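Chain and residue survey
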Amino acid sequence: MMNQKNVSGIGNMYMHDILFKARLHPQKKISNMDGDQIKLLYASITDILNLSRQKGGFAYEGDFFGQKGGYTRDYFLVGYKENQPCPVCGEAIELIKTGSTSSFICPACQKL
Ligand SMILES: [Zn+2]
């Protein structure tokens, strides 16, 4: 899932929250998802990218953290919130290794 070939053009920083919203584990393969999970995934992508665009964050992805008043960390659900409580269940958010990159997940909401 974190493979840019599968979901091209979506920055890694958005993927954490997209997968969280869809309640999908980052190491789950698209080929193993059922129809409902795929629908949920696409709905999550749309939600997060719309929010980002509203905040003016998407166009500035390259220097995202230097942007003021855009799509800041405050809008993240689980991304970059290691050890903070999950907004849904309160479980501590974990940073896990997913291949060459890392992912922030709620271990209770996002089961492999
Ligand atoms: Zn949770």
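Cut-offs used in this document
Residues numbered from 1 in each chain as written. Predicted model: local features only at pLDDT ≥ 70, side-chain atom pairs only at ≥ 80, totals over all residues. Helix = DSSP H or I, 4+ residues; strand = E, 2+ residues; numbered from the N terminus. Buried ≥ 20, exposed ≤ 12 C-beta atoms within 10 Å, placed from the backbone. Contact = placed C-beta atoms within 7 Å. Core = buried A, V, L, I, M, F, W, Y, C linked by C-beta atoms within 7 Å. Expected span 1.5 Å × (residues − 1). Pairing = 2+ DSSP bridges. pLDDT = per-residue confidence, 0-100.

What to know about the overall build of the protein
A tally of regular secondary structure across the protein gives two helices and two strands. The buried share among the 112 residues of the protein stands at 26%. Of the contacts formed within the protein by residues at least 6 apart in sequence, a portion of 48% connects residues at least 24 apart.

Brief notes about the nonpolar core
Counting residues in each nonpolar core, the largest one holds 17 residues, and the members touching the most others are Ile18, Leu19, Phe20, Val78, Ile93, Ile105 and Cys106. Counting residues per element, the ones that place at least two in this core are α1 (12-21), α2 (35-54) and β2 (101-105). Of all the elements, α1 adds the most residues to this core, at five residues. Other than its neighbours up to four places away in sequence, Phe20 contacts Leu77, Val78, Ile105, Cys106, Cys109 and Gln110.

Observations concerning α2
Taking 1.5 Å as the rise per residue, α2 with 20 residues should run 28 Å; its terminal C-alpha atoms sit 29 Å apart, in good agreement. Buried-residue contacts for α2 involve α1. Gly56 sits one or two positions beyond α2 and adopts a positive phi of about 75 degrees.

Structural notes on unusual backbone geometry
Within the chain, Arg23 stands out as a residue other than glycine whose phi angle is a positive 60 degrees. Inspection of the secondary structure puts Arg23 in the loop between α1 and α2. A positive phi angle, near 60 degrees, is found at Tyr80, a position not held by glycine. Among the structural elements, Tyr80 can be located in the loop between α2 and β1 (94-98). Classification of Tyr80 as partly exposed rests on a count of 14 C-beta atoms within 10 Å.

Notes on the pairing of β2
Both β1 and β2 contribute to a ladder of five bridges, which runs antiparallel. Residue pairing across strands places Ile96 opposite Ser103, the latter belonging to β2. Count of turn residues in the β1/β2 antiparallel hairpin: two residues, of which Gly99 carries a positive phi of about 65 degrees.

Concerning the confidence of the model for the protein
In the predicted model, the protein carries a mean pLDDT of 82, and 79% of its residues have values of at least 70. Within the protein, β1 carries the highest mean pLDDT (93), whereas α1 carries the lowest (89). Contacts of residues 1-8 to residues separated by more than four positions or lying in other chains number 14 contacts, the stretch itself having pLDDT below 50.

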